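# Descriptive structure summary
Spelled out, the chains give:
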Amino acid sequence: MEIRKVAVLGLGRMGSRMASRLLGRDWKVTVWNRSPDKMSALVAQGAESAGSARDAVADCDLVITMLENGPVVEEVVFGGEIAMAMNAGAILIDMSSIPPVTARDHGKRLNSLELKYLDAPVSGGTKGAEEGTLAILCGGSSENVALAKPVLSLLGNPTHVGSNGSGQLAKLCNQ
């Protein structure tokens, strides 16, 4: 699968820096945030803004969520219906910090919709996000990690640690 369009949902201190690193590459980057004012700096750098999370993921090959917590991820992915708006075969990478059981549940639900999923929480803070040196702990299939690697490698050092939920568990153990 060739990655042509990437969406980044959640543009707080980490997500905005991560989205910035993805600009100017071989793919189009669309951004969305619940507070729309957080999109303007990225739009000035070349990102396309979306009016809704659902609009942001339209025709994307890869979607990154970097949201506040598990309930917010649940609300955006399933309540905001982005899961239903994504193309079959697209990859959703949740880089938020959420409970491992929630990540496993999200993986099952997304796989039933013919979507690929990685839970991939990060360590390294805003400096790591800005410099592309984040430690990225990937839970999911090795095939999905390989597909996402061109994008993840720009953000840091992806390490496959096991099945869905394992990324979150590894991060908890690391802390």
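The structure under discussion appears in the preceding block.
The present account deals with the structure reproduced in this document. Since the model is a prediction, treat every value here as computed from it, not as a measurement. (Residues numbered from 1 in each chain as written. Predicted model: local features only at pLDDT ≥ 70, side-chain atom pairs only at ≥ 80, totals over all residues. Heavy atoms only, no water.)

## Considerations on the packing of aromatic side chains
- Scanning the model with the defined rule gives zero aromatic pairs in all.
- The ring centre of Phe-78 lies 3.6 Å from the NZ or CZ of Arg-109, which sits over that ring. (Phe/Tyr/Trp six-rings, centres within 6.5 Å; stacked < 30°, edge-to-face > 60°. Lys NZ or Arg CZ within 6 Å of the ring centre and 35° of its normal.)

## Section: the packing of helix α1 (residues 13–22) against helix α8 (residues 142–155)
- Here α1 crosses α8 at 115 degrees, and the two axes come no closer than 9 Å. In this structure, α1 crosses over α8, and the sense of that crossing is right-handed. Taking contact as the criterion, the partners of Met-18, Arg-21 and Leu-22 in α1 are, on α8, Val-151, Leu-154 and Leu-155.
- For the contact of α1 with α8, the class distribution of residues is five nonpolar, no polar and one charged. (Axes fitted to C-alpha atoms, helices over the stretch in contact; angles between N-to-C directions. Helix = DSSP H or I, 4+ residues; strand = E, 2+ residues; numbered from the N terminus. Left-handed = near helix turned anticlockwise from the far one by under 90°. Contact = heavy atoms within 4.5 Å. Nonpolar A, V, L, I, M, F, W, Y, C, P; charged D, E, K, R; others polar.)

## A word on the nonpolar core
- Counting residues in each nonpolar core, the largest one holds 35 residues, and the members touching the most others are Leu-22, Val-31, Leu-62, Ile-93, Met-95 and Ile-136.
- Residue assignment for this core shows that the elements contributing at least two residues are β1 (5–9), α1, β2 (28–32), β4 (62–65), β5 (91–94), β8 (134–139) and α8.
- Examining the composition of this core, we find that seven residues originate from one element, α8, more than from any other.
- Beyond its immediate sequence surroundings of up to four residues, Val-31 is in contact with Val-8, Leu-11, Ala-19, Met-39, Leu-42, Ala-47, Glu-48, Ser-49 and Ala-50.
- Listed in part, the 26 residues of the second largest apolar core include Leu-9, Val-76, Ala-90 and Ile-98. (Core = buried A, V, L, I, M, F, W, Y, C linked by side-chain atoms within 4.5 Å. Buried < 20%, exposed > 50% of the residue type's maximum accessible area, 1.4 Å probe, protein only.)

## Structural notes on the pattern of salt bridges
- As enumerated under the stated definition, the model contains seven salt bridges in all.
- For Arg-34, the salt bridge identified is with Glu-68, shortest N-O distance 3.6 Å. In this pair, Arg-34 is assigned in the loop between β2 and α2 (40–44) and Glu-68 in the loop between β4 and α4 (70–79), connecting sequence segments 34 residues apart.
- Judged by relative accessible area, which is 43%, Arg-34 ranks as partly exposed.
- Exposure remark for Glu-68: the relative accessible area of 61% places this residue in the exposed category. (Salt bridge = Lys/Arg side-chain N within 4 Å of Asp/Glu carboxyl O.)

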